[in-house]
Amino acid sequence: MTASQFTNVLFSVLSLFIDALLLAMLVRAVTGWFIREETAFTNFLYFVTEPVIMPVRMLCDGLGWFQGVPIDVPFFITAVLLSLINTALRAAV
């Protein structure tokens, strides 16, 4: 396998991972509207998505941004950042 092929495979796998993460974030957001109690499924979604969202959440909290806003803005910022990264990865393949 050449370096170019390896890079293409790596970018494709990363893109697929980001797609799965974005899907998990979407499902987490939708289930948050309808399922109020903790379930194994909602705990799994939180476990998978929160480590990615947490750095953005900590940055926003540290800078005092979006305090008192009734929606989870760091969640949406993370989704946009992941989408931009995914677009760049797909363009590079």
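Residues numbered from 1 in each chain as written. Predicted model: local features only at pLDDT ≥ 70, side-chain atom pairs only at ≥ 80, totals over all residues. Heavy atoms only, no water.

Draft legend 1. View of the side chain of Ser-15. Turning to its location among the elements, Ser-15 is positioned in helix H1 (residues 3-34). By relative accessible area, which is 6% here, Ser-15 ends up buried. Residue contacts for Ser-15: discarding those within four places in its chain leaves Asn-86, Leu-89 and Arg-90. (Helix = DSSP H or I, 4+ residues; strand = E, 2+ residues; numbered from the N terminus. Buried < 20%, exposed > 50% of the residue type's maximum accessible area, 1.4 Å probe, protein only. Contact = heavy atoms within 4.5 Å.)

Draft legend 2. Structural view of the packing of helix H2 (residues 40-63) against helix H3 (residues 73-92). At a minimum axis separation of 9 Å, H2 and H3 run at an interaxial angle of 125°. As far as their axial angle goes, H3 and H2 are oblique. Judged by the twist between their axes, the crossing of H2 over H3 is right-handed. Seen from H2, the contacting residues are Val-52, Ile-53, Val-56, Arg-57 and Cys-60; seen from H3, they are Pro-74, Phe-75, Ile-77, Thr-78, Leu-81 and Leu-82. Within the contact of H2 with H3, the residues separate by chemical class into 9 nonpolar, 1 polar and 1 charged. (Axes fitted to C-alpha atoms, helices over the stretch in contact; angles between N-to-C directions. Parallel < 35°, antiparallel > 145°, perpendicular 65-115°, else oblique. Left-handed = near helix turned anticlockwise from the far one by under 90°. Nonpolar A, V, L, I, M, F, W, Y, C, P; charged D, E, K, R; others polar.)

Draft legend 3. Summary view of the packing of aromatic side chains. The full count for this structure, using the stated rule, is 2 aromatic pairs. Residues Phe-75 and Phe-76 carry aromatic rings whose centres are separated by 5.7 Å and whose planes lie at 85° to one another, so their mutual orientation is edge-to-face. What makes Phe-75 buried here is its relative accessible area of 9%. Overall, the relative accessible area of 48% leaves Phe-76 in the partly exposed class. (Phe/Tyr/Trp six-rings, centres within 6.5 Å; stacked < 30°, edge-to-face > 60°.)

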